[in-house]
4 protein chains.
Amino acid sequence: MASLKLGMVGSGFMGKAHAMALHTAPVVFPLSAAVRCDLLADHSAASAQAGARRLGFSRSTGDWRELVADPAIDIVSVCAPNDLHYPIARAALLAGKHVFCEKPLALDVGESRELARLARSKGRVTLVGFNYVRNPVIGMAAELIARGELGAIHHVRATHVEDYLADPARSGGWRTRRATAGLGALGDLCHVLSLTQRLAGGIAEVCADMQTVIAQRPGADGSAQAVENEDQAHALVRFSSGAIGTIECSRIAWGRKNGLTIELSGSEGSLYFDQERQNELWLYRRPRGGGGGEGFQRVLLGPDQPDYAAFCPAPGHGLGFNDLKVIEVRDLVEAIAGGVPAWPDFAAAAAIDEVLAAMERSWRQGGWEVVPRGLEVEQGKAQEPEQ
Amino acid sequence: MASLKLGMVGSGFMGKAHAMALHTAPVVFPLSAAVRCDLLADHSAASAQAGARRLGFSRSTGDWRELVADPAIDIVSVCAPNDLHYPIARAALLAGKHVFCEKPLALDVGESRELARLARSKGRVTLVGFNYVRNPVIGMAAELIARGELGAIHHVRATHVEDYLADPARSGGWRTRRATAGLGALGDLCHVLSLTQRLAGGIAEVCADMQTVIAQRPGADGSAQAVENEDQAHALVRFSSGAIGTIECSRIAWGRKNGLTIELSGSEGSLYFDQERQNELWLYRRPRGGGGGEGFQRVLLGPDQPDYAAFCPAPGHGLGFNDLKVIEVRDLVEAIAGGVPAWPDFAAAAAIDEVLAAMERSWRQGGWEVVPRGLEVEQGKAQEPEQ
Amino acid sequence: MASLKLGMVGSGFMGKAHAMALHTAPVVFPLSAAVRCDLLADHSAASAQAGARRLGFSRSTGDWRELVADPAIDIVSVCAPNDLHYPIARAALLAGKHVFCEKPLALDVGESRELARLARSKGRVTLVGFNYVRNPVIGMAAELIARGELGAIHHVRATHVEDYLADPARSGGWRTRRATAGLGALGDLCHVLSLTQRLAGGIAEVCADMQTVIAQRPGADGSAQAVENEDQAHALVRFSSGAIGTIECSRIAWGRKNGLTIELSGSEGSLYFDQERQNELWLYRRPRGGGGGEGFQRVLLGPDQPDYAAFCPAPGHGLGFNDLKVIEVRDLVEAIAGGVPAWPDFAAAAAIDEVLAAMERSWRQGGWEVVPRGLEVEQGKAQEPEQ
Amino acid sequence: MASLKLGMVGSGFMGKAHAMALHTAPVVFPLSAAVRCDLLADHSAASAQAGARRLGFSRSTGDWRELVADPAIDIVSVCAPNDLHYPIARAALLAGKHVFCEKPLALDVGESRELARLARSKGRVTLVGFNYVRNPVIGMAAELIARGELGAIHHVRATHVEDYLADPARSGGWRTRRATAGLGALGDLCHVLSLTQRLAGGIAEVCADMQTVIAQRPGADGSAQAVENEDQAHALVRFSSGAIGTIECSRIAWGRKNGLTIELSGSEGSLYFDQERQNELWLYRRPRGGGGGEGFQRVLLGPDQPDYAAFCPAPGHGLGFNDLKVIEVRDLVEAIAGGVPAWPDFAAAAAIDEVLAAMERSWRQGGWEVVPRGLEVEQGKAQEPEQ
């Protein structure tokens, strides 16, 4: 069996999540190749060394350029701060590596486009960490839609609302500075776009509104710092399919902890999903026959749904956030060693960034904006994932 | 105790609801005046006679003009088809009656404005049947907001989505014709605007999208008839208070039976309401002290909330749709005989119609529209109800 | 149309509920007879006079014996304190009246048996106010069971738990004295038995445990008073059908306001009901075909379910507590004037009291107790209601 | 850092779960010792070799006795069929190993007692895989109770109901044979007892009822086989603390997939947990001050709760079933290398088996049974875990 060596940049929240998944995936799934946690880069040699020990990597370096240049490395996992995603991913592609990059792909849509083109020209596997789309519940929803159980989709209402910056006394850190974060709530919570893209396809037009509610926050030294990006944003959207809907992001919505939700209504039924109850799909099928007496049903994740059985043979036992990353690692490995296309790749992530950029333009100009067709569309391919 | 004589036009769904409430209210609440169900008008003498017997009225007539002109009548209740609301309400005001009118007040915002001005000049009590705002749960929400428990409101997400026309084989009847219904989903389900106005105040700007998904439906004779108004609509909204949000209406959302929901997020907390579970308020207060461990709480309606105890001294026993109408009748009587202003009166209903009209203009023109300030605002009064 | 004159004893919580229902029922339902709210009796002439005015009765008296003896009265509604149910109901039957009695029928099973026998010998209509069984959701559940959609019922778990005496600083009043209340939580909350009897039939054997957790409470004068009946009780039960299960009552379960719940599991499916969400039935049908992907569905009350459409033609609009009483009044009238048997009559209520008495014996003796077969069973009739 | 070598017997559902947790735990938690997945035993050499490769073990053997005797092995993980738990655990203890055993500890309470005594005399660390008690939500609940936020616990209602054998066409396999499974639903689902023990302490008396609803099932060859143990069981229980309650297990409850629930009511509040929504705790605190307006709150798991932050720094992201096993492995390692007592050890598991045995006796004899005091109680220690 082939063996792949992975180098990871970053050892924080997402670095740890990647490490957990890399160690767990081979036990959960039969993989077409082994993946070795080989080299860890971090902002300093000491931090990298400690991280490597903690996260089970063999080697470490204080310079990500060294990692990218290392000929032993097959895959570069990018878990560095957001403003480093672009330079690291670019350098990794130029060095001929496969790239597994956390979202957002870049802070600027132009850079995203460039990375997508570069990935295509280099022929390397790319995958962006929109892990929520890997939830077997979402897989089940996609299958139901593909089988036509909801009919033609008419409406989509999707949110990603949280309260991590609802407290004005909380420092925004890198998140509230344009140079380090790009967009605010929309940038952080653009998972909602991967979900709509997965289930309802590409977005053709948007009309958005945004607001920075808390204009200043304490910096590290306690002094007031200007907040440079939006706390909340929402948009009307029109999908290529003809469906219409709304999308909403907030980082100041008290009480919502991971309010990534989507409701789709079609000609034959509806479904609803809430990431805070990530093991449930709510499904309504229009009544057949005259009578009523039908309601939304709460379908619990079980071994009949894609990928669940590898974690547990019994239904209702529940997956967690980190399990989604395990599925992501499986998909990464199978894209490299098994010939199964991975989604969302850089082209798909760039398409999401096109939507974000169009939303911002729409807000600044006060009207509808057409979303430029993404790279995949240019090539005559759909923006949607393989079903 | 004073005694008021009421004449009602119409004996269908809403006429029956009014009759139930009129007979029940005096037992539930101590009222400042007795209300007598005196005269019922319907489209024919026979129908009116049957309706009067069924609904407990003393007299009947096949001509609403006769009812409006009857000097014995103090209050005219308008439960006729929507396209008759304007002429009946206008004639009733001109005849010096108090008017209790079902929504919508009119099919055209100009007519609504005219009725609002007429009501003011005549000095009569008017009340429009946005009954959901009378839910004690909404009263509790309004009190929480008024006391500042949610702080400054930043965001509003409100929906009224149902599935009564989701089946394309179902005839639209009067609902899908412009002349008889005016707007489609938005017109039927504009309750959502009374709810946002009650809890978040007036709307200053809107940007809307609309869609007629099912273009043709079978008519009464089975032939295909064009659908002349929208099946679904949604809008970005900006409130006078500075809050922003989204509003959505649909009559084709499979599975949603009375999906009148509202979520408000403010600087100190959030709340959520769903009319399908009309006896519950979901409330989140930001944690005090450092720790977390707090979540949305599900507050069940009980005697501590406004108006509930008159129905039942024990908490959690639940009110239903028709009980809201009983509270509405109480408010009508107290406005006439007790000097307590009733809301939403014709001016408030006209303000809602201004929002609807602005939404339609926004959709046709493809951008943001300013909502003209309503009659009350012209007079230096807020659009909001008395707290 | 026949006209029936009703005399009511009591003007408190339940008296008001009866009055509301009596005034509303003729508007909601076509009835086989008119019912006139004629005479109200209360503990004093003054109280009765005030009550009559408030509740819409024509006459009043300070002596219930006078009411029972009044030849104009056809129906006696018993809403007096619990310890008066037996003497009033007995006197009313002896006077040849139909009797509409609030639960409990009596404080002693011997008295209940006597009343059941008397009702039979007198041939009068009797109905006991177990209003929760009239919920159209329960009607729908009963129909599903009768049609075999759950198959053979194997298991029943039912609760009625509330927190109205959870606060030890709260006076128990008449509720905690044996002479005025009989049993404690079990007596108050024996609605749970009417629900199990309606959906799962009669109980053959019980094994119970009980506890008085708060031994003393402040009396009216602030002095400590002994609590003479149980705060919480639960039992293993064996149904005549072969199903087994548990039943539980509590008046000290913090947070539960009207926790009347029932879950039934059968060979073909399961259902769940919670009175705190009284407009929903949760229904699970075993998957047909191999696959899974099925869950409990939340069926909202709508016009397809029994009796709902009379209140509202649109689904999901919700009934409330007082609406159940309206259905009860309809059933009372139809039993008297329409020849439709009413359930639960005195015999059925006595059968419930047999279960309560067996539970108390079981607890005192520490083992299983057989429930004596009720009066209906003696007569070769089932304890169950007509389906 | 110390290094521990682990040998595992079995490579099925639970073997895989152990392997996943063993590989993940060192990345999630800082551990006081490394654990090496060294030797895997299975029923045949071939199966063991395949399992070792799949689950990441270095060596394999077709004979568990060889594993137990191997001097290199420090810890024996017992994931073999239930009827082998006792002989393997016994042999491992006699060989001086630490033992990590899946539930049930044995099929007979006498054997459980023997293992508990042996563990004590050998001074080895033992841990039984009641993984649900490791849920941080349960940890939070235990802390709330320990801090007195619920006051004195009065009532406990706990269930573990599933539907894995609801279909009579499904073979029972080893689960329905006394010799291989011992008890039926109660044995499989005795997790419910670990949960009550963790949150409400030891059980002093029980009164149980049981039933085998489906008497025959198809065997492997299609012929009818007798079912030798119960499909459903429930019991009244009395806790040592004075609280009372009910416990229920079923394997034929259609629609319930992992219905492990517990509701506790105390003098100051209540809580509710449902494993199907394993990241939520429902908490009710009695209102302070006069007013009402309080309800159960839904607290989502977050970094304020024990152990969660090691998996994810952001609240509401959710743990899954397999994460609980990771916490279990951490506790095992810390018990061996860090001096932190692990619970439930063999003594605690034997105490659970005493309750099960008493339930069965109660059912056979038809009355209340005293639960013999467990080994820990004999030693003057409480049955409860360290808080």
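Analysis parameters
- Numbering of residues begins from 1 in every chain and follows the order in which that chain's sequence is written.
- Working convention: letters from A go to chains and numbers from 1 go to ligands, in the order in which they are written.
- For this predicted model, a pLDDT threshold of at least 70 governs which residues receive local features, and a threshold of 80 or more governs which side-chain atom pairs are given and counted, while totals over whole chains, interfaces and linings are taken from all residues.
- Calculation of side-chain values draws on the structure's entire complement of heavy atoms; hydrogens and water are dropped beforehand.
- Labels follow the DSSP assignment, with helices taken as runs of H or I lasting at least four residues and strands as runs of E lasting at least two, numbered in each case from the N terminus.
- All radius of gyration figures rest on C-alpha atoms, and the globule criterion is 2.2 Å times the number of residues raised to 0.38.
- A simple rule labels every residue: compare its accessible area, found with a 1.4 Å probe on the protein chains alone, to the largest value its type can have, and call it buried under 20%, exposed over 50%, or partly exposed in between.
- By the convention used here, residues are in contact when the closest approach between their heavy atoms is within 4.5 Å.
- Methods summary: accessible areas were calculated by the Shrake-Rupley approach with a probe of 1.4 Å, and residue burial reflects only the protein chains presented.
- Charge counting follows a simple rule: Lys and Arg are positive, Asp and Glu are negative, and His as well as the terminal groups are ignored.
- Charge coordinates come from a single atom per side chain, which is NZ of Lys, CZ of Arg, CG of Asp or CD of Glu.
- We superpose the copies by least squares over the C-alpha atoms of residues that have a pLDDT of at least 70 in both of them.
- Identification of polar contacts relies on pairs of N or O atoms within 3.5 Å, with a donor-acceptor requirement for protein atoms, meaning one able to donate a hydrogen and the other able to accept it, and with residues adjacent in sequence counted only if both atoms are side-chain atoms.
- When DSSP finds two or more bridges between two strands, those strands count as paired.
- Here, axes are lines fitted to C-alpha atoms. For helices the fit covers the stretch in contact, and angles between N-to-C directions go from 0 to 180 degrees.
- Here the angle decides the label: under 35 degrees means roughly parallel, over 145 means roughly antiparallel, 65 to 115 means roughly perpendicular, and every other value means oblique.
- Here a crossing is called left-handed whenever its near helix is offset anticlockwise from the far helix by less than a right angle, and right-handed whenever the offset is clockwise.
- The predictor rates its confidence in each residue with pLDDT, a number between 0 and 100.
- What counts as buried area is the accessible surface, traced by a 1.4 Å probe, that two parts surrender upon association, with contributions from both included.
- Between Lys or Arg on one side and Asp or Glu on the other, a salt bridge is scored when a side-chain nitrogen of the former is within 4 Å of a carboxyl oxygen of the latter.
- Only Phe, Tyr and Trp rings take part, Trp by its six-membered ring, and two of them pair if their centres are within 6.5 Å. Stacked means planes under 30 degrees apart, edge-to-face means over 60, and tilted covers everything else.
- UniProt positions are given in the numbering used here, feature names are shortened, and annotations may be inferred rather than shown by experiment.

Visitor: Tell me about the overall build of chain A, and please be specific about residues and values.
Guide: A tally of helices and strands in chain A yields 12 helices and 17 strands. Computed over C-alpha atoms, the radius of gyration of chain A comes to 21 Å, within 12% of the 21 Å expected from 2.2 N^0.38 for 387 residues, which places it in the range of a compact globule. When the backbone C-alpha atoms are referred to their principal axes, chain A occupies close to 70 × 55 × 40 Å. Taking all 387 residues of chain A together, the buried fraction comes to 66%. Long-range pairs, those at least 24 residues apart, make up 70% of the contacts in chain A between residues at least 6 apart in sequence. Total accessible area on chain A is roughly 12,300 Å²; 49% of this is exposed by carbon and sulfur atoms. Averaged over its 39 positive side-chain charges, chain A has a centre that lies 2 Å from the centre of its 45 negative ones.

Visitor: Account for the relation of the copies chain C and chain D, naming residues and giving values.
Guide: What relates the pair of chain copies is a rotation about an axis plus a shift along that axis. Rotating chain C by 180 degrees and moving it 0.0 Å along the rotation axis overlays it on chain D with an RMSD of 0.0 Å. Look at the turn and shift together and you get a two-fold axis relating the two. Considering only C-alpha atoms, the part of chain C nearest the rotation axis is Gly367 of chain C, at 2.4 Å. Of all interface residues in chain C, 100% are interface residues in chain D too; the two copies therefore contact each other through one and the same surface.

Visitor: So what's going on with the side chain of Thr261 of chain A? Residues and values would help.
Guide: All names here are of chain A. One can find Thr261 in strand E13 (residues 259–266). Looking at Thr261, the relative accessible area reads 12%, which means it is buried. Here Thr159 takes part through its side chain, which lies 2.6 Å from a polar atom of the side chain of Thr261. Setting aside residues up to four positions removed in sequence, Thr261 forms contacts with Arg157, Ala158, Thr159, Tyr272, Phe273 and Asp274.

Visitor: Before we move on, can you summarise the sheet that holds strand E2 (residues 33–41) of chain A with the specific residues and values?
Guide: Residue and element names in this part refer to chain A. Spatially, E3-E2-E1-E4-E5-E6 is the arrangement adopted by the 6 strands of the open sheet, whose pairing is parallel. The open sheet is flanked by strand E3 (59–61) and strand E6 (126–128), the only strands paired with a single partner. When strand polarity is set aside, the average angle formed by the axes of neighbouring strands in this sheet is 25 degrees. Across 4 bridges, the pairing between strand E4 (residues 75–78) and strand E5 (residues 98–101) is parallel. Across the sheet, the residue bridging to Val78 is Cys101, located in E5. Set on the sheet, helix H10 (residues 321–337) makes contact with strand E1 (2–9), E2, E4, E5 and E6; between it and E5 the angle comes to about 165 degrees.

Visitor: Break down the packing of helix H1 (residues 13–28) of chain A against helix H1 (residues 13–28) of chain D for me, citing the residues and quoting the values.
Guide: Contact geometry for H1 of chain A and H1 of chain D: axes closest at 9 Å, N-to-C directions at 160 degrees. It follows that H1 of chain A is roughly antiparallel to H1 of chain D by the angle criterion. The handedness of the crossing between H1 of chain A and H1 of chain D is right-handed. For the pair H1 of chain A and H1 of chain D, the contacting residues are Lys16, Ala19, Met20, His23, Thr24, Val27 and Val28 of chain A in the first and Lys16, Ala19, Met20, His23, Thr24, Val27 and Val28 of chain D in the second.

Visitor: Provide a residue-level description of the confidence of the model for chain A, including the pertinent values.
Guide: Model confidence for chain A is summarised by a mean pLDDT of 94, while 95% of its residues fall at 70 or above. This complex was scored by the predictor with a pTM of 0.96 and an ipTM of 0.95.

Visitor: Please provide a residue-by-residue account of the interface of chain C and chain D, values included.
Guide: At the interface, 44 residues of chain C touch 44 residues of chain D. Of the roughly 3,500 Å² buried between chain C and chain D, counting both surfaces, carbon and sulfur atoms make up 54%. Taken together, the connections running from chain C to chain D amount to 8 salt bridges. Close ionic contact of Arg238 of chain C with Asp209 of chain D constitutes a salt bridge, the shortest N to O distance being 2.8 Å. Applying the counting rule to chain C against chain D returns 24 residue pairs in polar contact (both at pLDDT 80 or more).

Visitor: Can you tell me about the interface of chain B and chain A, naming the residues and giving the values?
Guide: With 44 residues of chain B in contact, the opposing surface of chain A contributes 44 residues. Taken together, both faces of the contact between chain B and chain A bury some 3,500 Å²; the carbon and sulfur share is 54%. There are 8 salt bridges connecting chain B and chain A. Between Arg286 of chain A and Asp167 of chain B there is a salt bridge; the shortest N-O distance is 3.2 Å.

Visitor: Tell me about the packing of aromatic side chains, and name the residues and values.
Guide: Summed over the entire model, instances satisfying the criterion amount to 22 aromatic pairs over all chains. Seen in terms of ring centroids, Phe29 of chain A and Phe311 of chain A are 5.7 Å apart; in terms of plane orientation they differ by 90 degrees. Their pairing is edge-to-face. On the criterion of sequence distance, the pair formed by Phe29 of chain A in the loop between H1 and E2 and Phe311 of chain A in the loop between strand E16 (296–300) and H10 is long-range, its members being 282 residues apart. Judged on exposure class, the residue Phe29 of chain A and its partner Phe311 of chain A are both buried. Taken together, a centroid distance of 6.0 Å and an interplanar angle of 55 degrees make the contact between Tyr132 of chain D and Phe321 of chain D tilted. Residue Tyr132 of chain D is found in the loop between strand E6 (126–128) and helix H6 (136–146), and its partner Phe321 of chain D is found in helix H10 (residues 321–337); the two are separated by 189 residues along the sequence.

Visitor: Go over the UniProt feature "domain: Gfo/Idh/MocA-like oxidoreductase N-terminal" (unreviewed entry) in chain A with me, naming the residues and quoting the values.
Guide: UniProt records the feature "domain: Gfo/Idh/MocA-like oxidoreductase N-terminal" (unreviewed entry) at residues 5–130 of chain A, using the numbering of this structure. Here residues 5–130 of chain A runs as 45% helix and 22% strand, with 22 Å between its end C-alpha atoms.

Visitor: Break down unusual backbone geometry for me, with residues and values.
Guide: That bond from Trp343 of chain B to Pro344 of chain B is cis: its omega, 0 degrees, falls within 30 degrees of zero. Inspection of the secondary structure assignment puts Pro344 of chain B in the loop between helix H10 (321–337) and helix H11 (346–365). The backbone phi angle of Asp307 of chain D is positive, close to 75 degrees, even though this residue is not glycine. Checked against the element boundaries, Asp307 of chain D lands in the loop between strand E16 (296–300) and H10.

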